[in-house]
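Structural description and commentary
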Amino acid sequence: MTLHIYNTMSRAKEEFVPQEQGKVKMYVCGPTVYDYIHIGNARPVIFFDAVRGYLEQIGHEVNYVVNFTDVDDKLIRKAEQLGTDVPHVAEKFIAAYYEDLEGLGIPRASSNPRVTENMPLIIDFIRELVDKGYAYENGGDVYYRTGKFPEYGKLSKQNLQELQFGIRIGVDERKEHPEDFVLWKAAKPGEIYWSSPWGDGRPGWHIECSAMAREYLGDTLDIHGGGQDLQFPHHECECAQSEVLTGKPLANYWMHNGFIRIDNEKMSKSLGNGVLVKDLRTQYKREAIRYFMLSTHYRNPLNFTEDTMEQAQKSVDRIANAVGNLKHRLQAVTVERETSAELAARLEQIRSQYHEKMQDDFNTPDAITALFEWAAEANLLLQQDVVNAGDIRALLELFAELNAVLRLYTEAEPELLDEEIERLIEERTEARKAKNWARADEIRDILSAEGILLEDTAQGMRWRRK
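All of the points below concern the structure found in this document. Since we're looking at a predicted model, the values are computed, not measured.

In terms of helices and strands, the chain carries 15 helices and 15 strands. Across its three principal axes, the chain shows a C-alpha extent of roughly 90 × 50 × 35 Å. Taking all 466 residues of the chain together, 49% fall into the buried category. Pairs at least 24 residues apart make up 76% of the contacts formed inside the chain by residues separated by at least 6 positions. Here the chain carries 56 positive and 77 negative side-chain charges, and the mean point of each set is 2 Å from the other.

And the structure:
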């Protein structure tokens, strides 16, 4: 099997061949840290984490860079609202981002470069563009000459004529052409600024990613990712800036995830229908959030509703129950043999199905289907009166492989029951022995109210938290 990725640049699936065997350079545009992240931000966070995980699973070393935009107009406005300064706003919401990441069970990127910590290299990048005639200064602002890059529009499949037609009347007269975009913005009174050859100011949005991608990963990335909304103008402008200086493609593979809608409506501030990740985490397990994000192909739109989240919760609970029941059964099993040939063959089919789907442009919905095929096999085995430990271990080993990337199950931290709950469980056991079913049921209800679910199995009673 060979990994194929849908490349936005070519609009086709292509075999993935990294520039250096066994190593992948991946850059994904990160958040502008002026607020808490919402589920629209979370989709690329979760999906590209799965991409990174699968690339590592098939043997690649991944250098994964996600930037922070920690200075721009939004941060300046937020600082004014909060009565503080831009650095404090950035620190507050970078910390919140990391907290959400931890809450979702997602490891940090290899590096998270910040704009404010890379200002000299950004200014140098702009200076190179000016020196080579691809950029010009006017009134303290610096603009990129899009007309000097004949391929401008190649990523979004637009041309300059179409772009010029779509630009509104009243374009900034300091621009030579309406479609030129800003690289450096002159500071207004009272704004945060850095000194540059063109006066005090700060960088435009597009230039920061070009500069940091080159600094941290080199001239050409293996994979450049982000949301569909970044395809134009952000990624288009990155191509223009980077490729005129290096003479090389900025990225060999471009990946863009689809939008998220809320109850079939576009998510927007004007509608007030945004869903923050920090709030979502208080309502649902992180595995359910991840399931929701990965149960639709990343290039397709995704619709968030309470019903879909409830279904996601039930789905991950089904997986967790199968895993928990297998582990519980393994503790009591007495038969120790090699894995049966029939089960081994079936598990190999499931493994192949999983890898086949993941290697087809990271088709996580169908990879999840393979995980449910696994759950069906686990439940069939558990129905048998006599179970072989080798069969259980083979099932758990395959689950660990599939779950390493999908991560729809997390091993619960062992918890000690307090003395009262232990006493009630013991009392219920004695009540059942005495056939005092009413008291046994009453205790079950008491424990349920405390978040403890009891399950009577052939191997004895087991408990789990809701």
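Moving on from the model shown.
Quick look at the side chain of H234 now. Looking at where H234 falls in the secondary structure, it is placed in helix α7 (residues 231-246). Residue classification places H234 among the buried residues on the basis of a relative accessible area of 1%. Ignoring sequence-local partners within four residues, the contact set of H234 consists of C29, W205, H206 and C209.

Glancing now at the nonpolar core. If you look at the biggest cluster of nonpolar residues, it comprises 133 residues, and the most contacted ones within it are L129 and W374. Among all residues touching W374, those that are not within four sequence positions of it are A322, V323, L326, L347, I350, L395, L398 and F399. Counting residues in hydrophobic clusters, the runner-up holds 7 residues, among them L424, L447, I452 and L454.

Here the focus is helix α9 (residues 286-294). Burial analysis of α9 places 8 of its 9 residues in the buried class, which makes it a mostly covered element. Residues of α9 that are buried: E287, A288, I289, R290, Y291, F292, M293 and L294.

This part takes up the pairing of strand β3 (residues 23-28). Across 6 bridges, β3 lies against strand β4 (residues 61-66) in parallel orientation. In the sheet register, Y27 faces β4, and the bridge partner there is V65. As a crossover connection, the stretch from β3 through helix α1 (residues 39-57) into β4 is right-handed.

On to unusual backbone geometry. For the bond from F232 to P233, the omega torsion is 10°, close enough to zero to count as cis. By the secondary structure assignment, P233 is in helix α7. The backbone of K157 sits at a positive phi, close to 60°, despite the residue not being glycine. Along the chain, the position of K157 falls in the loop between β6 (141-144) and α5 (160-166). Residue K157 is classed as partly exposed on the basis of its relative accessible area, which comes to 44%. Positive phi outside glycine occurs at D361, with the angle close to 55°.

Our focus in this paragraph is a negative patch on the surface. A cluster of acidic residues, D263, E265, E306, D307 and E310, forms a negative patch at the surface. Relative to the elements of secondary structure, E306 occurs in helix α10 (residues 306-332).

Rules used throughout
- Residues numbered from 1 in each chain as written.
- Predicted model: local features only at pLDDT ≥ 70, side-chain atom pairs only at ≥ 80, totals over all residues.
- Heavy atoms only, no water.
- Helix = DSSP H or I, 4+ residues; strand = E, 2+ residues; numbered from the N terminus.
- Buried < 20%, exposed > 50% of the residue type's maximum accessible area, 1.4 Å probe, protein only.
- Contact = heavy atoms within 4.5 Å.
- Lys, Arg positive; Asp, Glu negative; His and termini not counted.
- Charge placed at Lys NZ, Arg CZ, Asp CG, Glu CD.
- Core = buried A, V, L, I, M, F, W, Y, C linked by side-chain atoms within 4.5 Å.
- Pairing = 2+ DSSP bridges.
- Right-handed = clockwise from strand over helix to strand, strands pointing away.
- Patch = residues over 30% accessible without salt bridge, like charges linked within 9 Å, V, L, I, M, F, W, Y side chains within 5 Å.
- Areas by Shrake-Rupley, 256 points an atom, 1.4 Å probe, with all protein chains shown as cover.
- Salt bridge = Lys/Arg side-chain N within 4 Å of Asp/Glu carboxyl O.

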